[in-house]
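Residues per chain are reported as follows:
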Amino acid sequence: MSSAFEVRGGNRLQGEIVPQGAKNEALQIISAVMLTPEKVTISNIPDIVDVNLLIELLGDAGVRINRVSRDVCEFQADNIDLDYLQGPEFKKKSGRLRGSVMIAGPLLARFGKAFIPKPGGDKIGRRRLDTHIIGFERLGAKFIYDSDDNFFRLETNGLKGTYMLLDEPSVTGTANILMAAVMAEGTTTIYNAACEPYLQQLCRMLTRMGAKIQGIGSNMLIIEGVKYLGGCEHTMLPDMIEIGSFIGLAAMTQSEITIKNAGVEHLGIIPEKFRQLGINLEIRGNDIYIPSQETYEIQTFLDGSILTVSDHPWPGFTPDLLSIVLVVATQAKGSVMIHQKMFESRLFFVDKLIDMGAQIVLCDPHRAVVIGLGRQHALRGITMSSPDIRAGVSLLIAALSAEGKSTIQNIDQIDRGYQYIDERLRKLGADIRRV
Ligand SMILES: CC(=O)N[C@H]1[C@@H](OP(=O)(O)OP(=O)(O)OC[C@H]2O[C@@H](n3ccc(=O)[nH]c3=O)[C@H](O)[C@@H]2O)O[C@H](CO)[C@@H](O)[C@@H]1O
Ligand SMILES: C=C(OP(=O)(O)O)C(=O)O
């Protein structure tokens, strides 16, 4: 696979784009197929590296996989190879993505055993697994940590429902504990649960499989354990992070874009945050229309002070869109403070934007002040490397708006989560190619 994008910036884009199925939802939903020996059919699966890798991993572990089409797949986990799941190949492969940790909950529920290698995913700061492990322990699992090869082994003679107050509303942690609790004996209460649309979707899927869950969409899930879960069908929501990325792309490149079938009722505060940056967007049924805008002006707070955009667990603003907001602000009129509270290494990519001519002060690893150029001059194309998935797309957006040629290396990071991105952007008129 090639590993760089060459972009000639400055084109105004135009047209319609359909978001892919949600990556982070897919990783939960595909893990949940392990909960039943029956057939599960999943639709709107994004064709991206992380998701394909998880599907491959399940296949290696004995799950029967029938990819009916690019975005529909049937799974049947009626013959799992538990030995494979503690072997060297699994350790290596599953370490390449974050989502693989979520196989543990279903395995523990169904077989009383699970193995968690050090997970992969973005290197964006410390990413603890404490919430997952402590949650499993509270349900009655014992864990052994093998420090030589960074491997957690979990075992139980039977999970038992309990009350737990999570240390933090971890997204993958909540999903993992939930998938274990649905087949535990008795009632489990998970308080301070994460409640992103990804999790709401997982709860709905589990309910269709026969699970009993109350409090869906809230930070308190009450789960009545059942003995058996059956097959189901599930369709993934559109990827809200991709949608936010396209809104940012449209504004930054002064383009007129319609994002089709955007699942607007599931976007929470996302459209409002982009409006705070001065971006016009119209919700038209289930589509989002972004008109071409010469300039956009960042709002201030009501008292006139400089706007801060920060991340917060759902229903707050997702940390996965802060890098996009930051790049869009570089060409706005006005200033904004970006405060990335969750991750300590996600803002370092701003040095590349500074090289391109953006005015940004990185105050500390968590906070950056952007002084918008207000189109006084364009960014300049440069050669850069993509440090993580969202920074990668932010740099791509910057490159598409910049004057001249940019080369973005390490685009495997982008391919991890954005489906055929070059091809789709070319259809909108972007000058981008893989080299
Ligand atoms: C595969 C997947 O679904 N990945 C997402 C998931 O990762 P993931 O589930 O790994 O992230 P967590 O929700 O566990 O949180 C990530 C980090 O943020 C810290 N933290 C979390 C909650 C909190 O209130 N305060 C806090 O500081 C945690 O200590 C942790 O180190 O959720 C993250 C937070 O939305 C997203 O960036 C990732 O895209
Ligand atoms: C951080 C992200 O992904 P992961 O958790 O898979 O690293 C992301 O999707 O922005």
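Looking up the protein in an unreviewed UniProt entry gives the name UDP-N-acetylglucosamine 1-carboxyvinyltransferase, with the organism given as Chitinophaga dinghuensis. Under the Pathway (unreviewed entry) heading, UniProt states for the protein: "Cell wall biogenesis; peptidoglycan biosynthesis." According to UniProt, the comment filed for the protein under the heading Catalytic activity (unreviewed entry) is "phosphoenolpyruvate + UDP-N-acetyl-alpha-D-glucosamine = UDP-N-acetyl-3-O-(1-carboxyvinyl)-alpha-D-glucosamine + phosphate".

Some points on the site of ligand 1
The immediate surroundings of ligand 1 are formed by 19 residues, with Asn24, Ser170, Val171, Thr172 and Met342 found nearest. When residues of the shell around ligand 1 are traced back to their parent elements, those giving at least two are α1 (23-32) and α6 (171-181). With three residues, α6 is the largest single contributor of residues to the shell around ligand 1. Of the residues assigned to the shell around ligand 1, the class counts are seven nonpolar, six polar and six charged. Here the shell around ligand 1 spans two domains, since at least three of its residues come from each of domain 1 (4-20 + 238-434) and domain 2 (23-235).

A few points about the sheet that holds strand β1 (residues 4-8)
Across a sheet, paired strands are connected by hydrogen bonds in the backbone, their directions being either parallel or antiparallel. Here four strands make up an open sheet; going across it, the order is β21-β22-β1-β23 and the pairing mixed. Where the open sheet ends on each side, the last strands, each with one partner, are β21 (383-385) and β23 (431-434). Direction aside, neighbouring strands of the sheet carry axes that sit 20 degrees apart on average. With four bridges connecting them, β1 and β23 associate as antiparallel partners. Counted as the bridge partner of phenylalanine 5 is arginine 434 from β23. Lying over the sheet, helix α12 (residues 389-401) contacts β1, β21 and β22 (405-409), oriented at roughly 170 degrees with respect to β22.

Describing the site of ligand 2
Close contacts around ligand 2 come from Lys23, Asn24, Arg98, Gly121, Asp122, Asp320, Ile389, Arg390 and Gly417, and that covers them all. Residues belonging to the shell around ligand 2 are distributed by class as follows: one nonpolar, three polar and five charged. Two domains share the shell around ligand 2, each providing at least three of its residues, namely domain 1 (4-20 + 238-434) and domain 2 (23-235).

Cut-off values and rules
Residues numbered from 1 in each chain as written. Chains lettered and ligands numbered in written order. Predicted model: local features only at pLDDT ≥ 70, side-chain atom pairs only at ≥ 80, totals over all residues. UniProt positions renumbered as here; feature names shortened; annotations may be inferred. Near = placed C-beta within 6 Å. Helix = DSSP H or I, 4+ residues; strand = E, 2+ residues; numbered from the N terminus. Nonpolar A, V, L, I, M, F, W, Y, C, P; charged D, E, K, R; others polar. Domains from an automatic or database assignment. Pairing = 2+ DSSP bridges. Axes fitted to C-alpha atoms, helices over the stretch in contact; angles between N-to-C directions. Contact = placed C-beta atoms within 7 Å.

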